[in-house]
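Survey of secondary and tertiary structure
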Amino acid sequence: MPQLDLTEQLKSPTYRDNPYPILEDLRLKQPQYLQTYENGARIWFLTKYDDVSFVLKDSRFIKEWRSLLPEEERWVSGQREPAIFQMFQKWMLFRDPPAHTRLRGLVNKTFTPRMIESMRPRIEAIALSVVASLREKDRFDCVAEYAFPIPVAVIAEMLGVPTEDRDLFREWSTVLARFIDLSDVSEDDLARGSEIAHEMMHYFRDLLMVRRVAPRDDLISAMIASEERGDRLSEDEMIATCVLILFAGHETTVNLISNAVYLLLREPDKRQELLLHKELFPTAVDEFLRIESPVQLTSRFVAEDVMIGDAQFRRGDEVNVSLAAANRDPAQFKDPDRMDLRRSPNRHLAFAAGAHFCIGAPLARAEGEIALRVLFEEWTALEHVGEKIDWRDSTVFRGPFTLPLAVRR
Ligand code: HEM
């Protein structure tokens, strides 16, 4: 079968505007797409639900590609690494056990469903204050002025960083997102990346110092306390964890909220149904996550040879798994392109699965439910201004770049 030129397709404006027909075509024709390179590199792109779920849950598919290199190369590449990559190496997201278990264990307790339940009134108060700041306006940008300020304020409070610094966090996040993406990283990006890595290190080092002297009821103080109780976590690891939580804690939730607003504006009957039956919010949020997954793609490396069906995955191969394609696989979801606010069961993979399953899932769900309810209770007649959605230029993250809304009174 002739190979589809996948890399080009993933970077095309057609894919950015609507990735789903391309993903469907791939799932039908080459669900285990393999690109081989002259230097021997092999990169997979998987689009079937069962394959994606298998890879995410099987410990032979790992994150630390460096561990597959010979010892001396590992060390050399680590030394040459720009500061931003050195920080990524300390993110639990890019680690395997035992380091992954240790890093994750430290913040796990903060994000349990019970802890998040207790935060609901505070999330609601934040959403209401954002609505209040927009009340006099006839138009606003749902992304910058609504979907962004809520999760950033929530995660800043949980971590214990001043919300007033949110413009700084936004800037850091934009740079970090470029590195997470598949897009080519330019020399300028690298320079900017190293600059912000240093800025972030300074920022959090200072804050850690302050919290060591005067602890508060926040995640940073909790991390310091567990370090003092003897859990092994270096200062650099603590800083890297703060940056990851800050980044992961809003970058994706902004997209969940914006995507859901876009979906509900496109289907006013469903918006109406949701407002009449508010008990549907939990299943509706999972359906928004399934149908427009904020994280569309993630990847692993093969630690030892594995067969999936007839396909041989060799040690060292890179495996990209399309969460977006899995979430619309008709073998798993009936009528997958239809938004069904009551869909149940809905075993979507928007938060991935297995060891790296999103730690913030209960928080993201609560923020999504509350932010959407508060918005549509305040404004029953919102309209999207303009014909086309201006989607983010990313193959990993999906969400509108801007979503201008007009308030009809
Ligand atoms: C991991 C999605 C919100 C913190 C992940 C992964 C996905 C994901 C797909 C796994 C990536 C992989 O396996 O390679 C999302 C989505 C969100 C969201 C769609 C919102 C709608 C949050 C929030 C937080 C958070 C609010 C923070 C508090 C994390 C962390 C990890 C993670 C720390 C790494 C977990 C690990 O490696 O063990 N997220 N996330 N996320 N997420 Fe989320």
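Here's what I pulled together on the structure shown here. (Residues numbered from 1 in each chain as written. Predicted model: local features only at pLDDT ≥ 70, side-chain atom pairs only at ≥ 80, totals over all residues. Heavy atoms only, no water.)

Some points on empty space enclosed by the protein
- Evaluated as defined, the whole model comprises 3 cavities of 30 Å³ or more.
- In this model, the largest cavity occupies a volume close to 70 Å³.
- Every residue lining the largest cavity is listed: Y15, R16, P19, Q296, W391, R392, S394, T395, F397, R398 and G399.
- The residue inventory of the lining of the largest cavity, partitioned by class, reads 4 nonpolar, 4 polar and 3 charged. (1 Å grid on protein atoms, 1.4 Å probe; cavity = no way out; pocket = protein on both sides within 12 Å on 5 of 7 lines; lining within 4 Å. Points joined across faces, edges and corners; volume = space filled by probe spheres on them. Nonpolar A, V, L, I, M, F, W, Y, C, P; charged D, E, K, R; others polar.)

What to know about the sheet that holds strand β9 (residues 382–384)
- If you trace the 3 strands from one edge of the open sheet to the other, you get β4-β12-β9, paired in antiparallel fashion. Unpaired on one side and paired on the other, β4 (139–141) and β9 mark the two borders of the sheet. Direction aside, the axes of adjacent strands within the sheet are offset by 30 degrees on average. (Pairing = 2+ DSSP bridges. Helix = DSSP H or I, 4+ residues; strand = E, 2+ residues; numbered from the N terminus. Axes fitted to C-alpha atoms, helices over the stretch in contact; angles between N-to-C directions.)

Things to note about the sheet that holds strand β2 (residues 42–46)
- Taken together, 5 strands build an open sheet; the order of strands is β1-β2-β8-β5-β3 and the sheet is mixed. The outermost strands of the open sheet, each flanked by one partner alone, are β1 (32–36) and β3 (61–62).
- As paired strands, β3 and strand β5 (residues 297–302) are joined by 2 bridges and run antiparallel to one another. Looking at the pairing, I62 lines up with F301 of β5.
- Sitting on the sheet, helix α4 (residues 49–57) is in contact with β1, β2, β3, β5 and β8 (318–322), with an inclination near 125 degrees to β8. (Contact = heavy atoms within 4.5 Å.)

Considerations on the packing of aromatic side chains
- For the structure shown, the criterion picks out 20 aromatic pairs.
- Centroid distance W44 to F313: 4.0 Å. Interplanar angle 25 degrees. Geometry classified as stacked. Here F313 lies in strand β7 (residues 311–313) and W44 lies in strand β2, a separation of 269 residues in the sequence.
- According to the relative accessible area criterion, W44 is buried, its value standing at 4%.
- Its relative accessible area of 0% is what places F313 among the buried residues. (Phe/Tyr/Trp six-rings, centres within 6.5 Å; stacked < 30°, edge-to-face > 60°. Buried < 20%, exposed > 50% of the residue type's maximum accessible area, 1.4 Å probe, protein only.)

Some points on helix α3 (residues 20–29)
- All of the buried residues in α3 are Y20, I22, L23, L26 and R27. Looking straight down α3, one finds that the buried residues subtend no more than 160 degrees of arc, so they occupy a single side. (Arc of directions from axis to C-beta.)

A word on the pattern of salt bridges
- Taken as a whole and assessed by the stated rule, the structure comprises 35 salt bridges.
- Between R342 and E273 there is a salt bridge, with the nearest N and O atoms lying 2.9 Å from each other. On the criterion of sequence distance, the pair formed by R342 in the loop between α17 (323–326) and α18 (361–378) and E273 in helix α15 (residues 268–276) is long-range, its members being 69 residues apart.
- A relative accessible area of 44% means that R342 is categorised as partly exposed. (Salt bridge = Lys/Arg side-chain N within 4 Å of Asp/Glu carboxyl O.)

Quick notes on unusual backbone geometry
- Following P97, the chain continues to P98 via a peptide bond in cis, the omega torsion being 5 degrees.
- Here P98 is to be found in the loop between α6 (83–88) and α7 (99–108).
- The residue after S344, namely P345, is reached through a cis peptide bond having omega 0 degrees.
- With respect to the helices and strands, P345 occurs in the loop between α17 and α18.
- The phi torsion at D335 lies on the positive side, around 50 degrees, for a residue other than glycine.
- Mapped onto the secondary structure, D335 falls in the loop between α17 and α18.
- At A352, a position not held by glycine, the phi torsion is positive, near 65 degrees.
- Within the secondary structure, A352 sits in the loop between α17 and α18.
- Residue classification places A352 among the buried residues on the basis of a relative accessible area of 13%.

Considering the environment of E124
- Turning to its location among the elements, E124 is positioned in helix α8 (residues 113–134).
- What makes E124 partly exposed here is its relative accessible area of 25%.
- In this structure the C-alpha to C-alpha distance between E124 and E369, which are 245 residues apart in sequence, comes to 9.8 Å.
- Among residues more than four places away in sequence, those in contact with E124 are I370, R373 and V374.
- At a separation of 2.8 Å, a polar atom in the side chain of E124 contacts the side chain of R373. (Polar contact = N/O pair within 3.5 Å; in protein donor to acceptor, adjacent residues only side chain to side chain.)

Observations concerning the site of the ligand
- Taken together, 29 residues lie near the ligand, and K63, H100, T298, H356 and C358 sit nearest.
- Side-chain polar atom of H100 to an oxygen atom of the ligand: 2.6 Å apart, as the coordinates give it.
- Elements with a minimum of two residues in the shell around the ligand: α7, α14 (235–266), β5 and α18.
- The greatest single-element share of the shell around the ligand, amounting to 6 residues, is contributed by α14. (Near = heavy atom within 4 Å.)

Things to note about the packing of α7 against α14
- The interhelical angle for the contact between α7 and α14, taken along N-to-C directions, is 60 degrees, at an axis separation of 11 Å. Comparing the axis directions of α7 and α14 gives the class oblique. Viewed along their axes, α7 and α14 form a crossing whose handedness is right-handed. Where α7 abuts α14, its residues R102, L103 and V107 lie against E237, T241 and I245. (Parallel < 35°, antiparallel > 145°, perpendicular 65-115°, else oblique. Left-handed = near helix turned anticlockwise from the far one by under 90°.)

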